[in-house]
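Coordinates in review
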Amino acid sequence: MPSPKEVVILGGGVFGTHLANKLASTLPRNASPIHITLINARDHFVYLPVNLRNSVQDISSTYIKPLDPLFARNPSVGKVKVGEAVSVDAERKVVVLRSGEEVSYDILVLALGSSWSDPNLMPTKYEEVLDYFAKQRAAIKKAKNITIIGGGAVGVEFAGEIADLYPPSSGKHVTLVHSEDLPLSKLYRDKFRSRVKDMLEKLGVEVVLYAKGTNNEDGTVTITPRDGKEPYTLRSDLVYSALTPTPNTRILPDEWKDEKGYIRVTPTFQLESDSSVMAIGDLTNVKEVKQAAKSPGAIAVAAPNIVSLAKGQEPLKRYAGALEMIALAMGKKTGTGIGQMPCFGQVIFPSWFIVKVKCGDLLAGRMTKVLGLK
Ligand SMILES: Cc1cc2nc3c(=O)[nH]c(=O)nc-3n(C[C@H](O)[C@H](O)[C@H](O)COP(=O)(O)OP(=O)(O)OC[C@H]3O[C@@H](n4cnc5c(N)ncnc54)[C@H](O)[C@@H]3O)c2cc1C
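All of these numbers come straight from a predicted model, not from anything done at the bench.

Digging into the overall build of the protein chain
Each helix and strand counted, the protein chain has 8 helices and 22 strands in total. Scaling as 2.2 N^0.38, a compact globule of 374 residues should have a C-alpha radius of gyration of about 21 Å, and the protein chain matches this with 22 Å. On the principal axes, the C-alpha backbone points of the protein chain span a range of 70 × 50 × 40 Å. The buried share of the protein chain, taken over its 374 residues, is 53%. A fraction of 65% describes how many contacts in the protein chain between residues 6 or more apart in sequence connect residues 24 or more apart. Surface summary for the protein chain: the accessible area is close to 17,300 Å², and the carbon and sulfur share equals 54%.

Given below as structure tokens:
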């Protein structure tokens, strides 16, 4: 039997971990055509969607998990390597780590995610991450006025989480500033976006729309209305940016990226410019909303294609996209969602359904199970 091909998965977040688990749980023991090295900067897995609630109340143990169980059932198939990649040498087919170590690959899968800001800008060591969130909680508890700039899904959920735990009667005032005339993007029906606005306002959040927020870094935020009205200033003890993140591709070769820094992939998830490299998750140029929820569809394509590549066969599975769907949790008791349904267009889900399905543990239990970390 030929020796297994070395598959390096770069990034142990949702997509990288999901892929590693899928391969580890389906490949034959001791006769696998591939050996996997999952490289992750963190010594643990973090399910990002829970960061927002963890910034107001401590639920770290539900979603910050060791990566050890991944290959426990099939150790000959792969291993986890903790280390920060600083570059990829595509000619020599090596990933270079900050420690100076080089990890060789036959097939490389990029899954480095996005570059976020607080409260999603955690350090890499487990103990430091716990401390980071403890500090977020202390700062939020202390602040009287909190401003969140950016009313996409992350901004909406963050405002909701804070207001749910600290209603106006607690003396805290949460302001959400968004550049559009309703929260979220125009991708979603106005009726749904209006509902989100109403829900936030019911929680006591002040929603400032059609305006740009600028953090002056001096305890104030300048609000510039887009309709030409005079700019004004808000006092704010704490300011968060929830603007659209950028792809985390700084360390990767420029020839792999499009003009916005996303990795250019074909429907097989191989790179247009190098067929031995694949990319999955937030950093790809696939035209869809970047979501953890997209991982099952992507992994169903990427995993068999990797095995085909390793066997010297043509990867045949092609990603055709997923129906857009979003579920928003604004604390434990308020939620809403919308999904694209064949023949029906965008359908708004009943709020009780989203509260039941998502608001409890934010799907952390289900996700860590799917990823093989339970
Ligand atoms: C606050 C928040 C709320 C969200 N809510 C939802 C939601 O409700 N539903 C939903 O579907 N999606 C949601 N998302 C989006 C979802 O979390 C992402 O789409 C998903 O995590 C992307 O997975 P990924 O594997 O591409 O990247 P990530 O999960 O970000 O994983 C990237 C991994 O790469 C590692 N890494 C980065 N740089 C290096 C390096 N140089 N060397 C080694 N390792 C490195 C990181 O440590 C990390 O483990 C939310 C995101 C945020 C931030």
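A look at the sheet that holds strand β17 (residues 238–241)
Spatially, β13-β12-β11-β17 is the arrangement adopted by the 4 strands of the open sheet, whose pairing is parallel. Two strands in the sheet have a free side with no partner beyond their single neighbour: β13 (206–208) and β17. Mean inter-strand twist for the sheet, computed between neighbouring axes without regard to direction, equals 15°. Inspection of the sheet shows strand β11 (residues 145–149) paired to strand β12 (residues 173–177) by 5 bridges, in the parallel sense. Bridge pairing in β12 links I149 to V177.

Quick word on the environment of P245
Counting through the fold element by element, P245 comes out in the loop between β17 and β18 (246–247). Remark: the alpha-carbon pair of P245 and K229, spanning 16 residues in sequence, is separated by 28 Å. Not counting chain neighbours up to four residues away, the residues in contact with P245 comprise S114, S115, W116 and Y262.

Thoughts on the domain arrangement of the protein chain
Here the domain parsing of the protein chain yields domain 1 (5–116 + 245–310) and domain 2 (126–244 + 323–370). Measuring from the centre of the C-alpha atoms in domain 1 to the corresponding centre in domain 2 gives 28 Å. Facing the 30 residues of domain 1 at the interface are 31 residues of domain 2. Summing both sides of the interface, domain 1 and domain 2 together bury roughly 2,600 Å²; the carbon and sulfur share of this comes to 62%. Contact with domain 2 buries area across many residues of domain 1, yet L52, R53 and V56 alone supply 28% of it, more than any other trio. Inspection of the domain 1/domain 2 interface yields 3 salt bridges. A salt bridge links E161 to R53, with the nearest nitrogen and oxygen atoms 2.9 Å apart. The interface formed by domain 1 and domain 2 holds 12 residue pairs in polar contact (both at pLDDT 80 or more) in total. For the side of domain 1 that touches domain 2, the elements supplying multiple residues, two or more each, are α1 (14–26), α2 (51–54) and β4 (64–65). Across the side of domain 1 that touches domain 2, the residue classes break down as 13 nonpolar, 11 polar and 6 charged.

Comments concerning the UniProt feature "domain: FAD/NAD(P)-binding" (unreviewed entry) in the protein chain
When the UniProt feature table is mapped onto this chain, "domain: FAD/NAD(P)-binding" (unreviewed entry) is found at residues 6–292. Between the end C-alpha atoms of residues 6–292 there is a gap of 26 Å, over a span that is 21% helix and 26% strand.

Some words on the pattern of salt bridges
Summed over all chains, the structure comprises 17 salt bridges. A salt bridge links K358 to E157; the nearest nitrogen and oxygen atoms lie 2.9 Å apart. Of the two residues, K358 sits in helix α7 (residues 351–359) while E157 sits in helix α4 (residues 153–165), which places them 201 residues apart along the sequence. Both residues of the pair, K358 and E157, belong to the buried class. Between K333 and D164 there is a salt bridge; the shortest N-O distance is 2.8 Å. With K333 in the loop between β20 (325–329) and β21 (335–341) and D164 in helix α4, this pair connects stretches of sequence that are 169 residues apart. For K333, a relative accessible area of 61% corresponds to the exposed category. Classification of D164 by relative accessible area gives buried; the value is 15%.

Let's talk about the side chain of N120
Along the chain, the position of N120 falls in the loop between β10 (114–115) and α3 (126–142). Its relative accessible area of 12% is what places N120 among the buried residues. A polar contact is formed between the side chain of N120 and the side chain of N51, at a distance of 3.0 Å. Apart from the residues lying within four places of it in its own chain, the contact partners of N120 are L48, N51, L52, Y132 and V154.

Quick look at the packing of aromatic side chains
Under the defined criterion, the tally for this structure stands at 6 aromatic pairs. Taking the centre distance of 6.0 Å and the plane angle of 85° together, the rings of W352 and F353 count as edge-to-face. Judged by relative accessible area, W352 falls into the exposed class, the value being 60%. Owing to a relative accessible area of 34%, F353 belongs among the partly exposed residues under this scheme. Put simply, the rings of F349, W352 and F353 touch in pairs and so form one group of aromatic residues.

Cut-off values and rules
Residues numbered from 1 in each chain as written. Predicted model: local features only at pLDDT ≥ 70, side-chain atom pairs only at ≥ 80, totals over all residues. Heavy atoms only, no water. Helix = DSSP H or I, 4+ residues; strand = E, 2+ residues; numbered from the N terminus. Rg over C-alpha atoms; globule rule 2.2 N^0.38 Å. Buried < 20%, exposed > 50% of the residue type's maximum accessible area, 1.4 Å probe, protein only. Contact = heavy atoms within 4.5 Å. Areas by Shrake-Rupley, 256 points an atom, 1.4 Å probe, with all protein chains shown as cover. Pairing = 2+ DSSP bridges. Axes fitted to C-alpha atoms, helices over the stretch in contact; angles between N-to-C directions. Domains from an automatic or database assignment. Buried area = accessible area lost by both parts, 1.4 Å probe. Salt bridge = Lys/Arg side-chain N within 4 Å of Asp/Glu carboxyl O. Polar contact = N/O pair within 3.5 Å; in protein donor to acceptor, adjacent residues only side chain to side chain. Nonpolar A, V, L, I, M, F, W, Y, C, P; charged D, E, K, R; others polar. UniProt positions renumbered as here; feature names shortened; annotations may be inferred. Phe/Tyr/Trp six-rings, centres within 6.5 Å; stacked < 30°, edge-to-face > 60°.

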